[in-house]
Amino acid sequence: MKTKLLLVLVSIVASFQTVFAAFDFTSYVRVEISGLYYNLDETNLVAEVTSQNTSKPYWTSELTTVVIPKKVKYNEKEYTVVRIGDNA
């Protein structure tokens, strides 16, 4: 039973990695929307939450609670938020 559960979990994790690998956040538009910062992949209409600053210190404002939406709008386009970036 434990082996089957482990195989299911590994399969789920592998499928998420495949989905996230399809998005290219190396060429993106960086924007601020409602106090959060995003990298937008305009080709696939997906977004990742990122840090306020691109170098240390990554945050210069204090955040106590953050609600990350499923979708954000920018320039009349809707982006699906798919991940939190490395520096967020």
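Per chain, the residues get numbers from 1 upward, laid out in the order the sequence is written. At least 70 in pLDDT is required for a residue's local features to be given in this predicted model, at least 80 for side-chain atom pairs to be given and counted, and no such filter applies to totals for whole chains, interfaces and linings, which use all residues. To get the side-chain values, all heavy atoms of the structure are used, and hydrogens and water are removed first.

**Observations regarding the pattern of salt bridges**
Close approach of charged atoms allows side chains of opposite charge to pair. Salt bridge, as applied in this entry: a Lys or Arg side-chain nitrogen positioned within 4 Å of an Asp or Glu carboxyl oxygen. On inspection of all chains with the given rule, the structure shows 1 salt bridge. Here Arg83 and Glu48 are joined by a salt bridge, their closest N and O atoms 2.6 Å apart. Of the two residues, Arg83 sits in strand 5 (residues 77-84) while Glu48 sits in strand 3 (residues 46-50), which places them 35 residues apart along the sequence. Judged by its relative accessible area of 34%, Arg83 falls in the partly exposed class. Relative accessibility decides the category of a residue: with a 1.4 Å probe and only protein chains considered, values under 20% of the type maximum give buried, values over 50% give exposed, and everything between is partly exposed. Glu48 sits in the buried class, given a relative accessible area of 5%. For helices the rule is a DSSP run of H or I covering at least 4 residues; for strands it is a run of E covering at least 2, with both sets numbered from the N terminus onward.

**Topic: the nonpolar core**
Nonpolar core, defined: a set of buried Ala, Val, Leu, Ile, Met, Phe, Trp, Tyr and Cys residues in which side-chain atoms within 4.5 Å join the residues together. In this structure, Val31, Ile33, Leu36, Tyr38, Leu40, Ala47, Val49, Val72, Tyr79 and Val81 together form the largest nonpolar core, which totals 10 residues. When residues of this core are traced back to their parent elements, those giving at least two are strand 1 (29-33), strand 2 (36-41), strand 3 and strand 5. Contact between two residues is taken to exist if any of their heavy atoms lie within 4.5 Å; hydrogens are not considered. Once you skip the residues sitting within four places of it in the chain, Ile33 turns out to touch Tyr38, Val72, Lys73 and Tyr74.

**Re the sheet that holds strand 4 (residues 71-74)**
Pairing between the strands of a sheet is mediated by backbone hydrogen bonds and can be parallel or antiparallel. Two strands pair under a simple rule: DSSP has to find at least two bridges between them. Within the open sheet, the 5 strands sit side by side as 1-2-3-5-4. Their pairing is mixed. Edge positions in the open sheet fall to strand 1 and strand 4, since each of these has one partner strand only. Within the sheet, the average angular offset between the axes of one strand and its neighbour, ignoring direction, is 40 degrees. As paired strands, strand 1 and strand 2 are joined by 5 bridges and run antiparallel to one another. Helix axes are fitted only over the stretch in contact, all axes being lines through C-alpha atoms; the angle between N-to-C directions runs from 0 to 180 degrees.

**Side note on the confidence of the model for the protein chain**
Each residue carries a pLDDT value, the predictor's own confidence for that position, ranging from 0 to 100. This prediction gives the protein chain a mean pLDDT of 78; 68% of its residues lie at or above 70. In this model residues 13-19 is a low-confidence stretch, pLDDT under 50, and it forms 0 contacts with partners more than four residues away in sequence or in other chains.

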